[in-house]
Amino acid sequence: MTLKIADIPGHEGFAAPVLPGGELARSSTAFTRTFVGYQAACSCGWADRRRFAATPEGAKEAEGRWWSKHAAPLLAAAPPSWLVIKSNLLCEQIVNLTADRPLAALTLLSQVESWQRTLLDQAVAAAREGGASWADVGEAMGITKQAAHERFRAQVAT
Ligand SMILES: [Zn+2]
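Residues numbered from 1 in each chain as written. Predicted model: local features only at pLDDT ≥ 70, side-chain atom pairs only at ≥ 80, totals over all residues. Heavy atoms only, no water.

A.B. asks: Please explain the pairing of strand β1 (residues 13-18) as it appears in this structure.
C.D. replies: Here is the key point about a regular strand: its side chains alternate between the two faces of the sheet. The element β1 is extensively covered by neighbouring structure, given that six of its six residues are classed as buried. Alternating positions in β1 separate into two faces, G13, A15 and P17 on one and F14, A16 and V18 on the other, with burial throughout. Both β1 and strand β2 (residues 37-42) contribute to a ladder of six bridges, which runs antiparallel. Opposite V18, over in β2, you have G37 as the bridge partner. (Buried < 20%, exposed > 50% of the residue type's maximum accessible area, 1.4 Å probe, protein only. Helix = DSSP H or I, 4+ residues; strand = E, 2+ residues; numbered from the N terminus. Pairing = 2+ DSSP bridges.)

Following this line, the structure appears as structure tokens:
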């Protein structure tokens, strides 16, 4: 059985059978040999270290770990897909506006820039208050932990 969530494509979780040598089988159904337990794993290459019993209950527990240790943190950083679609549409429309009426695009883009900066500071502050580390903030923005800290430490009380 694989576990999937629409907002984090590319991540399919499963309880990976642990082979006697300690390595993990690549899917929940790809084994025929004896196995000694289950560990949570994901199609992206992530694997949990905690091992559970080689029983159906152990498999359920491993699946629970995929959710709590891997999927839930990813989901917390994944914008809802409907909003991503709106954001992409806005970008495309501004590209078109730039081609047709560049001065109107400039007016709009400077408005976007002013609220975007404010919203970014607010989102960083809210994430930090909610317990996110600088590494979490950096990962959500696609930048390093150091870059996130240097860019926002002045605006966000730490
Ligand atoms: Zn994954």
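After that view of the structure, there is still more to cover.
A.B. asks: How should the coordination of the zinc ion be read in this particular structure?
C.D. replies: The expected angle between donors at a tetrahedral four-coordinate metal is 109.5 degrees. At an octahedral six-coordinate metal it is 90 or 180 degrees. Within the protein, the zinc ion binds to H11 (ND1), C42 (SG), C44 (SG) and H70 (NE2); these donor distances fall in the range 2.0 to 2.3 Å. For the zinc ion, the four donor atoms in the first shell make angles of 104 to 120 degrees at the metal, so the coordination geometry reads as tetrahedral. (Donors = N, O, S within 2.8 Å, 3.2 Å for Na, K, Ca; no water. Tetrahedral: all angles 85-135°; square planar, octahedral: opposite > 155°, others 65-115°.)

A.B. asks: Help me out: how do you make sense of the nonpolar core in this one?
C.D. replies: The tendency in soluble globular proteins is for nonpolar side chains to be buried side by side. Counting residues in hydrophobic clusters, the biggest one holds 12 residues: L3, I8, A15, Y38, A40, C42, F52, A59, A62, W66, A71 and A78. Where this core is concerned, the elements lending two or more residues are β2 and α1 (56-76). For this core, the element with the highest residue contribution is α1, accounting for four residues. Sequence-distant contacts of I8, defined by excluding residues within four places in its chain, comprise A71, L74, L75 and A78. One finds V124, A132, W134 and A148 within the second-largest nonpolar core, a separate group that totals nine residues. (Core = buried A, V, L, I, M, F, W, Y, C linked by side-chain atoms within 4.5 Å. Contact = heavy atoms within 4.5 Å.)

A.B. asks: Honestly, the environment of W134 in this entry has me stumped. Any pointers?
C.D. replies: By secondary structure assignment, the location of W134 is in helix α4 (residues 134-141). Looking at W134, the relative accessible area reads 10%, which means it is buried. With 19 residues separating them along the chain, W134 and R153 place their C-alpha atoms 9.5 Å apart.

A.B. asks: Which parts of the structure should I look at to understand the environment of G130?
C.D. replies: Here G130 is to be found in the loop between α3 (102-129) and α4. Along the chain, G130 and K145 lie 15 residues apart, while their C-alpha atoms are 17 Å from each other.

A.B. asks: Can you help me understand the side chain of Q39 in this one?
C.D. replies: Tracing the backbone shows Q39 in strand β2. Residue Q39 is classed as buried on the basis of its relative accessible area, which comes to 8%. From its side chain, Q39 meets the backbone oxygen of D48 in a polar contact 2.8 Å long. For Q39, the residues in contact, after removing those within four places along its chain, are F14, A15, A16, V18, L24, D48, R49, R50, R51 and A62. (Polar contact = N/O pair within 3.5 Å; in protein donor to acceptor, adjacent residues only side chain to side chain.)

A.B. asks: It is not clear to me how the domain arrangement of the chain should be interpreted in this structure. Could you clarify?
C.D. replies: Much of the literature gives interface size as the accessible area that the parts lose upon coming together. Each assigned domain of the chain is listed with its residue range as follows: domain 1 (13-76) and domain 2 (81-152). Taking the mean C-alpha position of each, domain 1 and domain 2 sit 36 Å from one another. (Domains from an automatic or database assignment.)

A.B. asks: Looking at this structure, I do not really get the pattern of salt bridges. What am I missing?
C.D. replies: Close approach of charged atoms lets side chains of opposite charge pair. The final tally for this structure, using the stated rule, is three salt bridges. Here D48 and R65 are joined by a salt bridge, their closest N and O atoms 2.8 Å apart. Of this pair, D48 sits in the loop between β2 and α1 while R65 sits in helix α1, placing them 17 residues apart in sequence. Note that E113 is salt-bridged to R117, the shortest N-O span being 3.2 Å. With E113 and R117 both in helix α3 and four residues apart, the pair spans about one turn of that helix. On the accessibility criterion, R117 (52% relative accessible area) is exposed. (Salt bridge = Lys/Arg side-chain N within 4 Å of Asp/Glu carboxyl O.)

A.B. asks: Explain the packing of helix α2 (residues 81-100) against α3 to me, please; I cannot follow it from the model alone.
C.D. replies: Geometry of a packed helix pair, given as the angle between the helix axes and the separation of the axes. Running from amino to carboxyl end, α2 crosses α3 at an angle of 140 degrees, the nearest separation of the two axes being 6 Å. In terms of their interaxial angle, α2 and α3 are classed as oblique. Side by side, α2 and α3 meet where I94, L97, T98 and D100 of the first sit next to P102, A104, A105, L108 and L109 of the second. In terms of residue class, the contact of α2 with α3 is made up of seven nonpolar, one polar and one charged. (Axes fitted to C-alpha atoms, helices over the stretch in contact; angles between N-to-C directions. Parallel < 35°, antiparallel > 145°, perpendicular 65-115°, else oblique. Nonpolar A, V, L, I, M, F, W, Y, C, P; charged D, E, K, R; others polar.)

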